[in-house]
Amino acid sequence: MKNSADIIKKVLLTEKGTMLSELQNKYLFKVAKDANKVEIKRAVEELFNVRVMAVNTMCRKGKKKRQRTAHFGTTAAWKRAVVTLHAEDRINLI
């Protein structure tokens, strides 16, 4: 069984995430790549003491980056979760 702190890596504070949290009560998290929706739901409920209604996940591909020489590399791929909370629950991020 995975630890909740290992599943939820960090809360994403972006412009889009702020709008989602204010208007639709949805929050963005950077999560472990091997975590599934059930594990993410359990981890958010345990860490923040809220009720989760839905979890949507997406795998973000790493961006292609050019180094000083003619070599190319990529940034790491990662997984994002959009978590919808119950209408009465909120996560205080500040």
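As a starting point, this report considers the structure included with it. It should be emphasised that the depicted structure is a prediction, and the values quoted were computed from it without experimental measurement.

Considerations on the sheet that holds strand S3 (residues 52-60)
In space, the four strands of this open sheet follow the order S1-S2-S6-S3, with antiparallel pairing throughout. Two strands bound the open sheet, and with one partner strand each, they are strand S1 (8-11) and S3. Strand after strand, the sheet turns through a mean of 30° between neighbouring axes, direction not considered. In the packing of helix H2 (residues 15-23) onto the sheet, the strands contacted are strand S2 (26-31) and strand S6 (78-85), and the crossing angle to S2 comes to about 140°. Most of the contacts of helix H3 (residues 37-48) go to S3, to which it runs at about 120°, and overall it touches S1, S2, S3 and S6.

A word on unusual backbone geometry
Of note in the backbone geometry, Asn25 takes a positive phi value of approximately 60° without being a glycine. Tracing the backbone shows Asn25 in the loop between H2 and S2. Given a relative accessible area of 6%, Asn25 falls into the buried group. Although it is not a glycine, Asn49 sits at a positive phi angle of roughly 55°. Secondary-structure assignment places Asn49 in the loop between H3 and S3. Of the residues examined, Asn49 reaches a relative accessible area of 71% and is grouped as exposed.

Criteria and cut-off values
Residues numbered from 1 in each chain as written. Predicted model: local features only at pLDDT ≥ 70, side-chain atom pairs only at ≥ 80, totals over all residues. Heavy atoms only, no water. Pairing = 2+ DSSP bridges. Helix = DSSP H or I, 4+ residues; strand = E, 2+ residues; numbered from the N terminus. Axes fitted to C-alpha atoms, helices over the stretch in contact; angles between N-to-C directions. Contact = heavy atoms within 4.5 Å. Buried < 20%, exposed > 50% of the residue type's maximum accessible area, 1.4 Å probe, protein only.

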